[in-house]
Amino acid sequence: MPILSDRWIREAATTRAMIEPFVEKQTREGVISYGLSSYGYDARVGRQFKIFTNVDSAVVDPKAFSDKSFVDREADVCIVPPNSFALATTMEYFRVPRTCW
């Protein structure tokens, strides 16, 4: 897999709308940064979370998760319980190409 440089990401984002909204340079508000850097693109986590929880101690089939194993939350912060994980939306929308043009 090729390494995508910041120049390639900038060109794809500005000419092909690969990232919307696109932040041209790395921005830092507080401690966490987002936007284009020399190492890639740092995305921001949105407000919608799907938190996995196995309160019933059921056998988990990764190819067929039960809807009962997830809790949906919309919040500014998500605390992930022990032995769990969370999926989140991003503030950016990505159109990732199958090839690098």
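It should be noted that the structure appears before, not after, this text.
Here the structure is a predicted model, which is why all the values come from computation and not from measurement.

A. Spotlight on the sheet that holds strand S7 (residues 85-90). Ordered in space as S6-S5-S7, the three strands form an open sheet in which the pairing is antiparallel. Each of the sheet's edge strands pairs with one partner strand only, and the pair in question is strand S6 (70-74) and S7. Taking each pair of neighbouring strands and ignoring which way they run, the sheet shows an average axis angle of 25°. Of the pairings in the sheet, the one linking strand S5 (residues 45-52) to S6 comprises five bridges and is antiparallel in character.

B. Quick peek at unusual backbone geometry. Following Glu-20, the chain continues to Pro-21 via a peptide bond in cis, the omega torsion being -10°. If you trace the backbone, Pro-21 turns up in the loop between strand S1 (19-20) and strand S2 (27-29). One non-glycine residue, Ala-17, lies in the positive phi region at around 55°. Inspection of the secondary structure assignment puts Ala-17 in the loop between helix H1 (6-16) and S1. Among the residues examined, Ala-17 registers a relative accessible area of 28% and is labelled partly exposed.

C. Spotlight on the environment of Pro-21. Among the residues examined, Pro-21 registers a relative accessible area of 45% and is labelled partly exposed. Along the chain, Pro-21 and Ser-66 lie 45 residues apart, while their C-alpha atoms are 33 Å from each other. When near neighbours in sequence (up to four residues on either side) are disregarded, Pro-21 contacts Tyr-41, Arg-44, Met-91 and Glu-92.

Rules of the game
Residues numbered from 1 in each chain as written. Predicted model: local features only at pLDDT ≥ 70, side-chain atom pairs only at ≥ 80, totals over all residues. Heavy atoms only, no water. Pairing = 2+ DSSP bridges. Helix = DSSP H or I, 4+ residues; strand = E, 2+ residues; numbered from the N terminus. Axes fitted to C-alpha atoms, helices over the stretch in contact; angles between N-to-C directions. Buried < 20%, exposed > 50% of the residue type's maximum accessible area, 1.4 Å probe, protein only. Contact = heavy atoms within 4.5 Å.

These results come straight from atomic positions and should not be treated as a statement about function.
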